[in-house]
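Observations on the three-dimensional arrangement
If you want the building blocks of each chain, they are given just below.
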Amino acid sequence: HLSGPETAAASAVAGVICTADAIPAEPATFAAPATAAAEAVDEVIAETTADKPLTMTGRAWVIDEDNIDTDMIFHNRYLAITDPAEMGQYAFDNLPGWEDFSKKAKPGDIVITAKNFGCGSSRQQAVDCFKTLGVQALVANSYGAIYERNAINAGMPVVTADVVGAGPKDGDIVTVDLATGKVSWDGGEVVGEPCSEVQMEIYQRGGLLAK
């Protein structure tokens, strides 16, 4: 609805659309009735989000490079792609030396990088391409702020830990504990930052906008 400032303010106070000279003594209140359908949806959400693991183990890809931006992760020539299922094949397509990553990656892999991972533009495809490939988690010394938030909102586990220089190599089996921030492998471990309560809640839900 379009209205003048007075009507908009009056309606905000009243809780219903009204004019400034017709504001009720008490604002309108609305209570959504509980329904069997709504309760059933809540039960399904509880059942499907409670089983997401807090500890995950997988094959490591270790990329010892700072400032990997979103254009290196998912080049701008692919931005017209809107189907997430098609995005994985282009992951790291524009990162020198890693152009064939998508052909080698397997579901369950864990990507480990250095500082400021995901800096640059805010393109969501740079997160979704990893989800399409089945990458379990991302571990970096630090992230671009927008990228990190996009990943959290998408339900993609991201852990902040300084792992690259600690010794793991490509192909090592690493374990990531979201609750403690610990990343371990045969012969070493690093304790980073545990995922926040909000991050864990979104991850368990399957994404910020998951129903």
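The structure reproduced in this document is the subject of the present report.

The rules we used
- Sequence order as written defines the numbering, with residues in each chain counted from 1.
- Given that the model is predicted, a residue must reach a pLDDT of at least 70 before its local features are reported, and side-chain atom pairs must reach 80 or more before they are shown or counted; all residues, however, enter totals for whole chains, interfaces and linings.
- The basis for every side-chain value is the complete set of non-hydrogen atoms in the structure, without hydrogens or water.
- A simple rule labels every residue: compare its accessible area, found with a 1.4 Å probe on the protein chains alone, to the largest value its type can have, and call it buried under 20%, exposed over 50%, or partly exposed in between.
- Helix and strand definitions here come from DSSP, where helices need a minimum of 4 consecutive H or I residues and strands a minimum of 2 consecutive E residues; each element is numbered from the N-terminal end.
- Each pair of aromatic rings taken from Phe, Tyr and Trp, with Trp reduced to its six-membered ring, is defined by centres within 6.5 Å and is described as stacked if the planes are under 30 degrees apart, edge-to-face if over 60, and tilted in the remaining cases.
- Only lysine NZ and arginine CZ atoms are considered, and such an atom sits over a ring when it is within 6 Å of the ring centre and within 35 degrees of the ring normal.
- Following DSSP output, two strands are said to pair if at least two bridges run between them.
- Comment: axis = line fitted to C-alpha atoms, over the contacting stretch for helices; angle = value between 0 and 180 degrees taken between N-to-C directions.

This next bit is on helix H7 (residues 197-205). For H7, the full list of buried residues reads Gln 199, Met 200, Ile 202, Tyr 203 and Gln 204. Looking one or two places after H7, you find Gly 206, whose phi comes out positive at around 95°.

Glancing now at the packing of aromatic side chains. Within the structure shown, the criterion is met by 12 aromatic pairs. Centre to centre, the rings of Trp 61 and Trp 98 are 6.1 Å apart; their planes meet at 80°, and the pair counts as edge-to-face. Residue Trp 61 is found in strand S1 (residues 55-63), and its partner Trp 98 is found in the loop between helix H3 (70-73) and helix H4 (101-104); the two are separated by 37 residues along the sequence. Looking at Trp 61, the relative accessible area reads 10%, which means it is buried. Between Phe 92 and Phe 117 the ring centres are 6.4 Å apart and the planes differ by 65°, which places this aromatic pair in the edge-to-face class. Residue Phe 92 is located in the loop between H3 and H4, and its partner Phe 117 is located in the loop between strand S2 (110-113) and helix H5 (125-133); the two are separated by 25 residues in the primary sequence. A residue is classified by how much of its surface remains accessible, and Phe 117, at 2% relative accessible area, is buried. Three or more aromatic residues joined by ring pairs make a cluster, and in this case those are Trp 61, Phe 92, Trp 98, Phe 101, Phe 117, Phe 130, Tyr 143 and Tyr 147. Positioned above the aromatic ring of Tyr 203, the side-chain terminus of Lys 52 is 5.9 Å from the ring centre.

Where S1 and strand S5 (residues 173-177) come together, five bridges link them in antiparallel fashion. Counted as the bridge partner of Thr 55 is Asp 177 from S5.

Quick look at the sheet that holds S5 now. By way of backbone hydrogen bonds, the strands of a sheet pair with one another, either parallel or antiparallel. Spatially, the seven strands line up as an open sheet ordered S4-S3-S2-S1-S5-S6-S7, and their pairing is mixed. Bordering the open sheet on either side are strand S4 (158-160) and strand S7 (188-191), each of which pairs with just one other strand. Averaged over all pairs of adjacent strands, the angle between strand axes in this sheet comes to 25°, irrespective of strand direction. The pairing of strand S3 (residues 137-140) with S4 spans three bridges and is parallel. Of the residues in S4, the one forming a bridge with Ala 140 is Thr 160.

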